[in-house]
Amino acid sequence: MPWKLRCLAYLLFAVFIAFFPAQGQVRQTPNGAHTRPRVIVLGVNGAEWDILRPLLVRGEMPNLARVIERGVSGKMRTISAPNCPKIYSIFETSTPPEENGITGFIVHGTTANTGMLRSEPLWSLLSNSRVTVGMANVPATFPVKPVNGYMISGMLTRGKNCEDGLLCSPKLSEVQGGDAVYPPTMVPELEAKVGDFLIDCARMPSAKDLLGHEAAVVYEWLARVSATREQQRKLFDYLLTDHPTDFTFLVQSCEDRVGHWLYPIQPYNVGYDRKLNTIQVNAFPDQYRALDKVLGTILKHVNENTTLLIISDHGIKPLREKEPHEAHRDHAGTTPIIAKHDFEDGDDVPGVFVAMGPSIKKGVRIMGLPMSVFDIAPTILYIYGITPPEQMKGRILTEIFGSSDETASGTLVR
Ligand SMILES: [Zn+2]
């Protein structure tokens, strides 16, 4: 083709893409479905296989066991020194923190927020392709942005007594400095149907609060965590019932915070404090038992056409001996911690990946770390038949799709 004609062809193609972006990107979905695929993502902050596996073996997480049995599961590679805002922003953009703008809890002196995002996130890409989107309690989604559906912010929401938005838990009515709900007209409805719920888990008590009142503070704090989780469960149930969307992203954040200071450690572990670490040794595993009940509620909304992903941004492990003591502080710097996730080698704290759905293999465990936090957005776009934009660094997890007897490299059929 002469170069001028070729240029004209490119120009026409560019015009076509500019005017019909959705049609230009959509191709056949992996399961060839005529209806739009339905995807529910349950994000867990810091789900740790070391704690999950014994619970699964003992039959104490029946819902998660069911999903693992009927789907694909494995570890998920995270990045160096992972934390929640960094990884959730990677889940949504498939770009590294220094590219997408969310480099940590605090960015240039300000708590991470959606105004800082420099890469187009999944919710926007899906909305622009006419996929309906519902999001609740996803970290670093404050202030909420308009989507083709609804968005309710999560961790890092600002509010009364939480002006910096750093790991505190304002109620819906206490939110300040931006909108926590899109569309705003949904606020009175949520207040009436779900109640004035807590947006995130409570900040950990400080060393000063604990001193001399260890047991009382632990039990009181854990009671607040349980109340938050129950409110979230009710919220998720309401949203999935009354506002079903093609794509739904729901997140629970209490596990990680409990793990940081109540991980079931032994006297030989770094940071062991007999006064504190003998009060409630089940506090952390109990979080996963409770998470399994939330999953049970979500599973009521999962039918044979739904793809369900359960993902975590990282795991969490007890501290090691050789680290400097000043590193042993929580995100806000006031609570002594006994477990953490921001290890320099992210492979020390891989996240969780579990998928189940009409086009997902069954009973397959992926060995090693071929799946990464960068792969979530491209894989979700693929399910909707949308080509991942070039800036995305991850890949489509093609090995999870297909029938169970097809083995891909790196997979093992049980
Ligand atoms: Zn954490």
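Let me sum up the structure you'll find in this document.

The rules behind each value
Here the residue index of a chain counts from 1 through its sequence in written order. Only residues with pLDDT of at least 70 get local features here, since the model is predicted, and only at 80 or more are side-chain atom pairs given and counted; chain-wide, interface and lining totals rely on the full set of residues. Computation of side-chain values covers all heavy atoms of the structure but excludes hydrogens and water. Only DSSP runs of H or I with at least four residues qualify as helices, and only runs of E with at least two residues qualify as strands; both kinds are numbered from the N terminus onward. Burial classification: accessible surface area is computed with a 1.4 Å probe over protein chains only, and a residue below 20% of its type maximum counts as buried, one above 50% as exposed, and the rest as partly exposed. Every residue pair with non-hydrogen atoms within 4.5 Å of one another is taken to be in contact. We get accessible surface area from the Shrake-Rupley algorithm with a probe of 1.4 Å; when it comes to residues, only the shown protein chains can shield them. When the sulfur atoms of two cysteines come within 2.5 Å, that pair is taken as a disulfide. Each axis is a line fitted through C-alpha atoms, and for a helix only the stretch in contact is used; angles between axes span 0 to 180 degrees, taken between their N-to-C directions. In these notes the angle categories are as follows: under 35 degrees is roughly parallel, over 145 is roughly antiparallel, 65 to 115 is roughly perpendicular, and the rest is oblique. In this scheme the handedness of a crossing depends on how the near helix is turned from the far one: anticlockwise by less than a right angle means left-handed, clockwise means right-handed. Side-chain atoms alone can form a polar contact between residues adjacent in sequence; in general such a contact is a pair of N or O atoms within 3.5 Å, and within protein one must be able to donate a hydrogen while the other accepts it.

## Regarding the overall build of the protein chain
Phase 1 of the analysis: Along the backbone of the protein chain there are 14 helices and 14 strands.
Phase 2 of the analysis: For the protein chain, the residues scored as buried account for 55% of the 414 residues in total.
Phase 3 of the analysis: Taking as baseline every contact in the protein chain between residues at least 6 positions apart, the subset at least 24 positions apart corresponds to 74%.
Phase 4 of the analysis: Of the roughly 17,600 Å² that the protein chain leaves accessible, carbon and sulfur atoms contribute 54%.

## Observations regarding the state of the cysteines
Phase 1 of the analysis: Inspection of every chain in the model, using the stated rule, returns two disulfides.
Phase 2 of the analysis: Between the sulfur of Cys162 and that of Cys168 lies a disulfide, 1.6 Å long from S to S. The chirality of the disulfide connecting Cys162 with Cys168 is right-handed, given an S-S dihedral of about 60°.
Phase 3 of the analysis: With relative accessibility at 3%, the residue Cys162 sits in the buried group.
Phase 4 of the analysis: The class of Cys168 is buried, set by a relative accessible area of 9%.
Phase 5 of the analysis: The disulfide bridge from Cys201 ends at Cys254, spanning 1.9 Å between sulfur atoms. Sign of the S-S torsion, about 110° for the bond between Cys201 and Cys254, identifies this disulfide as right-handed. On the criterion of sequence distance, the pair formed by Cys201 in the loop between α8 (186-193) and α9 (207-210) and Cys254 in helix α11 (residues 254-262) is long-range, its members being 53 residues apart. The burial state of Cys201 is the same as that of Cys254; both residues are buried.

## Regarding the environment of Val44
Phase 1 of the analysis: Tracing the backbone shows Val44 in strand β1 (residues 38-44).
Phase 2 of the analysis: Sequence separation of Val44 and His314 is 270 residues, and the distance between their C-alpha atoms is 9.0 Å.
Phase 3 of the analysis: Discounting residues that sit within four places of it in the chain, Val44 has contacts with Tyr88, Gln252, Glu255, Leu291, Ile310, Ile311, Ser312 and Asp313.

## Observations concerning the packing of helix α10 (residues 214-242) against helix α13 (residues 283-299)
A pair of packed helices is captured by two measures, namely the crossing angle of their axes and the spacing between those axes.
Phase 1 of the analysis: Relative to each other, α10 and α13 sit at 15°, their axes nearing to 10 Å. Taken together, the axis directions place α10 and α13 in an arrangement best described as roughly parallel. α13 is crossed by α10, and the crossing has right-handed handedness. Along the contact surface, α10 presents Leu222, Val225, Arg229, Arg233, Phe236, Asp237 and Leu240, while α13 presents Ala283, Gln287, Ala290, Leu291, Val294, Thr297 and Ile298.

## With respect to the environment of Val194
Phase 1 of the analysis: Its location among the elements puts Val194 in the loop between α8 and α9.
Phase 2 of the analysis: Of the residues examined, Val194 reaches a relative accessible area of 9% and is grouped as buried.
Phase 3 of the analysis: The spatial distance from the C-alpha of Val194 to the C-alpha of Lys234 is 6.6 Å, given a sequence separation of 40 residues.
Phase 4 of the analysis: With near-sequence residues (within four places) excluded, Val194 lies in contact with Glu189, Gln231, Lys234, Leu235 and Tyr238.

## Quick notes on α11
Phase 1 of the analysis: With nine of its nine residues buried, α11 lies for the most part within the structure.
Phase 2 of the analysis: Taken together, the buried positions of α11 are Cys254, Glu255, Asp256, Arg257, Val258, Gly259, His260, Trp261 and Leu262.

## Digging into the side chain of Thr114
Phase 1 of the analysis: Tracing the sequence through the fold places Thr114 in the loop between β4 (110-111) and α7 (122-128).
Phase 2 of the analysis: Engagement of the side chain of Thr114 in a polar contact is seen with the backbone oxygen of Pro143, the distance being 2.5 Å.
Phase 3 of the analysis: Not counting residues up to four positions away in its chain, the partners in contact with Thr114 are Trp123, Ala140, Thr141, Phe142, Pro143 and Lys145.

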